Amino acid sequence: MSCYSPRIERAFKRIRTPFEEFIHDEASGGLLLMGCAILAMVLANSGLAALYETVLHTKVSLHLGELQLSHTIHHWINDGLMALFFFVIWAGCGHPCRISCSAAGYGS
């Protein structure tokens, strides 16, 4: 008995295609960030503010043998996302610099 079904494959493609379009669209990251920021402001200024603060100050730990990292969710978000942000900026700015330096004869 075969598990392959063209009907299931077509259904999966209908779901996958809009998701892939959203991921590959340049504006989707900004829209997602804006939506999360708005959600955070609404939660922080609503009746759920105490729950929001409790979740933000919950400690999350990572243990790898003797190595231990233990910080609040707020700290992980601030440091982790800032590192990711600057990595993306570096990666985005690095390519034009290498291309222009190579074109000017400075690169290999």
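Anything mentioned here points back to the structure above.
Keep in mind the model is a prediction, meaning the values are calculated, not measured. Counting from 1, residues in each chain are numbered in the order their sequence is written. Local features are withheld for residues below a pLDDT of 70 in this predicted model, meaning they are given only at 70 or higher, and side-chain atom pairs are given and counted only at 80 or more; totals for whole chains, interfaces and linings count all residues. Calculated side-chain values reflect all of the structure's heavy atoms, with hydrogen atoms and water omitted.

Brief notes about the overall build of the protein
Along its length, the protein carries four helices and two strands. Where helices and strands are cited, they refer to DSSP runs of H or I of at least four residues and of E of at least two residues respectively, numbered from the N terminus. Put simply, the protein runs from its N terminus to its C terminus through helices and strands in the order α-α-α-β-β-α. Only protein chains enter the accessibility calculation, which uses a 1.4 Å probe. A residue is then buried if its area is under 20% of the maximum for its type, exposed if over 50%, and partly exposed in between. For the protein, buried positions account for 4% of its 108 residues.

Here we look at a nonpolar patch on the surface
Taken together, V60, L62, L64, L67, L69 and W76 make up a surface patch of nonpolar side chains, about 520 Å² in accessible area. The set of elements that each furnish at least two residues to the nonpolar patch consists of β1 (59-64) and β2 (67-72). For the nonpolar patch, the element with the highest residue contribution is β1, accounting for three residues. Residue placement: W76 occurs in helix α4 (residues 73-103). What goes into a patch is any residue over 30% in relative accessible area without a salt bridge, connected to like charges within 9 Å or, for nonpolar side chains (Val, Leu, Ile, Met, Phe, Trp, Tyr), within 5 Å. Only the protein chains shown count as cover for residues, and all accessible areas are computed by the Shrake-Rupley method using a 1.4 Å probe. Basic side-chain nitrogens of Lys or Arg form a salt bridge, by our definition, when they fall within 4 Å of a carboxyl oxygen of Asp or Glu.

Considering the environment of L43
By the element assignment, L43 lies in helix α2 (residues 26-44). Residues are treated as being in contact if the distance between any of their heavy atoms lies within 4.5 Å. With residues up to four places along the chain from it excluded, the contact list for L43 reads L48, A49 and Y52.

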